Amino acid sequence: MTPIPKSAALLIVLSASLIGCADKSLLSPDMSQAQNSTPQAVSSAAATPTPTPKSTVKPISTPQSTPTPVPSATPKSTTASEPTATPKPAVVGNFSKTKSVTGDHVPYSWYYMKKKTGQVPDFPKETKSFTADQKAVWVGTGKKVYLTIDAGGPLIEVDLMLKSLKENDVKANFFISGNNIKKNPEYLKKVVADGHFVANHTMTHNDFNDMTDDQIRKEITDFEALYTKITGKEVEKYFRFPFGHYNMHNLNLVSSMGYTSVFWSTAMRDWEPRANGAEDPYNDIMNNLHDGNVILMHQGSLENMQALSRICKEIKKKGYEFGIVNELHS
């Protein structure tokens, strides 16, 4: 055998060392798997993933037949008229802070389950256990629609909104947070001057499920005092939970203060830009229009404000009148 020169031997050793340090990401899939011989555990649950909660900061939702924003695991239901379809809840708000609690402090996030256009949706099973003392409404009857506008976020296109309502002779129901009133008292004055109904939406628009009883009382009474200071009137005792988050204890507490809690039967994911502009809120509402419809829209959505006049006109064309939520009875 011919002796190997020292320089050649050094080159061979160096080459072998470099191959051992190669980046596995540059290998083919088969070769990469061969490098990793450790067996991996396979979960049987992976084949049927459960819904993953999505964190949304502001309330709202799209009433489609697929789930819209957020809840942690949301119930599903089927309807007799559509035996092959499985309607899923349309919900509003951030429900990622689920707590391990029991009894009347179990947190809920309001939702509804849409049916065919013209049919009243299904509502949470919890509503069946509401007592007469737990004053709450979410849908009416007959050819009336209740337009509710939440103003717990940005106040945009105020003049366009009020103009659209006035030109269509529509009185809306406003749930305004106190922090917005404090910063924008003229907004409240304009809404009241136009004859719209204003209700209590708390002082700071924070989640009641994270508050003590004393904090909740303060949220409500501080709003009352501010409203009276600006308008010279007392606010009517109708209330909406921020984000639609509540529990039975808090529902009892709010009711004991004389308030009726107002939920909804149509909503949309309107705290985000809409892919199709003003067409989206228009279609969301018209495709779920039904007797006694309590519509939730947010004043902070540009697309809502752009679609508002058209929505009002079309609802009236369908033979509906616009009502005030103090006409609703639990």
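Residues numbered from 1 in each chain as written. Predicted model: local features only at pLDDT ≥ 70, side-chain atom pairs only at ≥ 80, totals over all residues. Heavy atoms only, no water.

Draft legend 1. Main features of the packing of aromatic side chains. Applying the stated criterion across every chain yields a total of 17 aromatic pairs. Here the aromatic rings of Phe223 and Tyr227 are separated by 6.3 Å at their centres, their planes lie at 20°, and the arrangement is stacked. One end of the pair is Phe223 and the other is Tyr227, both in helix α6 (residues 213–231) and 4 residues apart, which spans about a single turn. This pair shows no difference in class: Phe223 is buried, exactly as Tyr227 is. (Phe/Tyr/Trp six-rings, centres within 6.5 Å; stacked < 30°, edge-to-face > 60°. Helix = DSSP H or I, 4+ residues; strand = E, 2+ residues; numbered from the N terminus. Buried < 20%, exposed > 50% of the residue type's maximum accessible area, 1.4 Å probe, protein only.)

Draft legend 2. The pairing of strand β5 (residues 144–151), seen in detail. In terms of burial, β5 is a largely internal element, 7 of the 8 residues being buried. Direction of pairing for β5 relative to strand β12 (residues 321–322): parallel, over a ladder of 2 bridges. Following the sheet pairing, Lys144 is matched in β12 by Glu321. Taken together, the 6 bridges between β5 and strand β11 (residues 293–298) define a ladder with parallel strand orientation. Paired with Thr148 across the bridge in β11 is Leu296. Both β5 and strand β6 (residues 173–176) contribute to a ladder of 4 bridges, which runs parallel. What sits directly across from Ile149, in β6, is Phe174. (Pairing = 2+ DSSP bridges.)

Draft legend 3. Molecular detail of the nonpolar core. In this structure, Leu147, Met161, Leu165, Phe174, Met297 and Ile315 are the most contacted members of the largest nonpolar core, which totals 72 residues. Top element by residues in this core is helix α9 (residues 302–317). It accounts for 6 residues. Those residues in contact with Leu165, other than ones at most four positions away along the chain, are Leu147, Ile149, Val170, Ala172, Phe174, His196, Leu308 and Cys312. (Core = buried A, V, L, I, M, F, W, Y, C linked by side-chain atoms within 4.5 Å. Contact = heavy atoms within 4.5 Å.)

Draft legend 4. Representation of unusual backbone geometry within the structure. For Glu157, which is not a glycine, the phi torsion comes out positive at approximately 50°. Summarising the element assignment, Glu157 is placed in the loop between β5 and α3 (158–167). Assessed through its relative accessible area of 39%, Glu157 is described here as partly exposed. Of note, Thr202 is a non-glycine position whose phi angle comes to about 75°, a positive value. Looking at where Thr202 falls in the secondary structure, it is placed in the loop between β7 (197–200) and α6. Under the relative-accessibility criterion, Thr202 is labelled buried at 0%.

Draft legend 5. Seen up close, the environment of Val120. Turning to its location among the elements, Val120 is positioned in the loop between β3 (111–113) and β4 (136–137). The partly exposed category is assigned to Val120, whose relative accessible area is 33%.

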